[in-house]
Amino acid sequence: MAYILLVLTVLFWAGNFVLARSLVDLLPPVSMASMRWSLAFILLLPFVYSRLWRDRLLLIKHWKIIGLLSAFGVAAFNTSVYLGVQHTTATNGALLQSFIPIMVLILCVIFYKEKISTRQLLGVCFSFVGVLMIIAKGQLGMLLAFSLNQGDVWILVSVSCWTIYSVLLRYKPTQLDGLSFLAASIFIGNLMLYPLVYWEHQYVDINSFTLNWEIGTAVMYLAIFPSLLAYFFWNRAVAEVGAAKASLFIHLLPVFGTLLATLLLGETMQLFHWIGIILIFIGIYLAIITDILRRSKSV
């Protein structure tokens, strides 16, 4: 079940990247993030307010770790992504995001002494090569020509934030209800964004925007799928399989991006797409097959 949740999570995130890139000229980045999380909290509150009241003492007791997770996972991560897509290409963004599984793996080994099997390491390598194949369109020259710009720096910030968030999730109180944690994280993280929204509108030269049906529909998607559902799915999956295995599924981002472009934009799948997708799935299979076999034997 955890692996299905991870696939859905990355699918929702792929839509988040595509949609955020399309809204560059319609919504300023920090305001986009704040509107997304504000609406997500409003939608979630009727279903979770009784749980929040029930878990209030736990939330207060563990306010430090919840605050840290809210800062890195809610406030900083998505805002950095939205700042990044203002100035970089989707190709650069996908390439830099694909470093998350590697960074999570390294941190888990360094700080938590997690044992990484040879099969898991091979899985990371295979899937990363698959990502490179899709992003470079099978041409080594595209990778050699890669260079960082202002937007890429923001994407790297988002990569670092999500890596820290995923690794720190192990400190989330196990007795705390998942929906209560999600609602509290959204509320606290969004509070951190409000001063930045004020600063953005006062001191940053941005285009004025008017809420309309197009923006409203886009923000609704951002609030429901990559916010509420994706975060709940991710948190639950990480608790079950660990950050290192879960983060490997982020390599599916360019796969879903390619499929969405084919379905929605009429683009054609080429040979390098299929090679990259096959390599990614081989990598994921190698990384998780041991875990699946172990779980099946224990049932």
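Residues numbered from 1 in each chain as written. Predicted model: local features only at pLDDT ≥ 70, side-chain atom pairs only at ≥ 80, totals over all residues. Heavy atoms only, no water.

### Comments concerning the overall build of the chain
What the chain contains, in helices and strands, is 14 helices and zero strands. Secondary structure elements of the chain occur, N-terminal to C-terminal, as α-α-α-α-α-α-α-α-α-α-α-α-α-α. A principal-axis box enclosing the C-alpha atoms of the chain has dimensions of 50 × 45 × 35 Å. Residues counted as buried form 50% of the 299 residues belonging to the chain. Contacts in the chain between residues at least 24 apart in sequence constitute 91% of all its contacts with a sequence separation of at least 6. Put simply, the chain shows about 14800 Å² of open surface, and 70% of that area lies on carbon and sulfur atoms. Charge centroids of the chain, computed over 18 positive and 11 negative side chains, lie 16 Å from each other. (Helix = DSSP H or I, 4+ residues; strand = E, 2+ residues; numbered from the N terminus. Buried < 20%, exposed > 50% of the residue type's maximum accessible area, 1.4 Å probe, protein only. Contact = heavy atoms within 4.5 Å. Areas by Shrake-Rupley, 256 points an atom, 1.4 Å probe, with all protein chains shown as cover. Lys, Arg positive; Asp, Glu negative; His and termini not counted. Charge placed at Lys NZ, Arg CZ, Asp CG, Glu CD.)

### Side note on a nonpolar patch on the surface
Among the surface-exposed residues, L122, F126, W274, I278 and I282 lie close enough to one another that they form a single nonpolar patch of about 460 Å² accessible area. Contributing elements (two or more residues each) for the nonpolar patch: α7 (118–135) and α14 (271–298). Looking at the nonpolar patch element by element, the count peaks at three residues for α14. (Patch = residues over 30% accessible without salt bridge, like charges linked within 9 Å, V, L, I, M, F, W, Y side chains within 5 Å. Salt bridge = Lys/Arg side-chain N within 4 Å of Asp/Glu carboxyl O.)

### Looking at the packing of aromatic side chains
Applying the stated criterion to the full structure yields 15 aromatic pairs. Between F77 and W162, the ring centres sit 4.7 Å apart and the planes meet at 40°, which makes this aromatic pair tilted. With F77 in helix α4 (residues 63–84) and W162 in helix α9 (residues 150–168), this pair connects stretches of sequence that are 85 residues apart. Overall, F77 belongs to the buried group, its relative accessible area being 6%. Taking the relative accessible area as the measure of exposure, W162 reaches 0% and is therefore buried. Cluster of aromatic residues (ring-pair linked, three or more members): W13, W37, F77, W162, Y165, Y231 and W234. The residue whose ring lies beneath R36 is W37, and the NZ or CZ to ring-centre distance is 4.7 Å. (Phe/Tyr/Trp six-rings, centres within 6.5 Å; stacked < 30°, edge-to-face > 60°. Lys NZ or Arg CZ within 6 Å of the ring centre and 35° of its normal.)

### A few points about the packing of helix α1 (residues 2–22) against helix α11 (residues 213–241)
Across the interface, α1 lies against α11 with an axial gap of 8 Å and an inter-helix angle of 150°. When the axis of α1 is compared with that of α11, the two are roughly antiparallel. Handedness of the α1/α11 crossing: left-handed. Here the contact of α1 with α11 is built from residues that sort into 20 nonpolar, three polar and two charged. (Axes fitted to C-alpha atoms, helices over the stretch in contact; angles between N-to-C directions. Parallel < 35°, antiparallel > 145°, perpendicular 65-115°, else oblique. Left-handed = near helix turned anticlockwise from the far one by under 90°. Nonpolar A, V, L, I, M, F, W, Y, C, P; charged D, E, K, R; others polar.)

### What to know about the nonpolar core
Residues W162 and W234 are the most contacted members of the largest nonpolar core, which totals 85 residues. Here this core takes 13 residues from α11, the largest share from any one element. Discounting residues that sit within four places of it in the chain, W162 has contacts with W13, G73, F77, I100, Y231, W234 and I250. (Core = buried A, V, L, I, M, F, W, Y, C linked by side-chain atoms within 4.5 Å.)

### Topic: helix α2 (residues 29–54)
Between its first and last C-alpha, α2 extends 35 Å over 26 residues, near the 38 Å set by a 1.5 Å rise per residue. Its axis deflected by about 65° at P46, α2 carries its strongest bend there. (Expected span 1.5 Å × (residues − 1). Bend = angle between axes of the 7 residues up to and from the residue.)

### Things to note about α7
Taking 1.5 Å as the rise per residue, α7 with 18 residues should run 26 Å; its terminal C-alpha atoms sit 26 Å apart, in good agreement. If you check which residues of α7 are buried, you get Q120, G123, V124, S127, F128, G130, V131, L132, I134 and I135. Downstream of α7 by one or two residues, K137 has phi in the positive range, about 55°.

### A word on the pattern of salt bridges
Using the criterion set out here, one finds three salt bridges in the structure. Two residues, D177 and R51, come together in a salt bridge whose shortest N-O distance is 2.8 Å. Placement of D177 in the loop between α9 and α10 (178–203) and of R51 in helix α2 is noted, with a sequence separation of 126 residues between them. On the basis of relative accessible area, R51 is assigned to the partly exposed category, the value being 29%. Each of R51, R54, D55 and D177 takes part in salt bridges that share partners, so that together they form one network.

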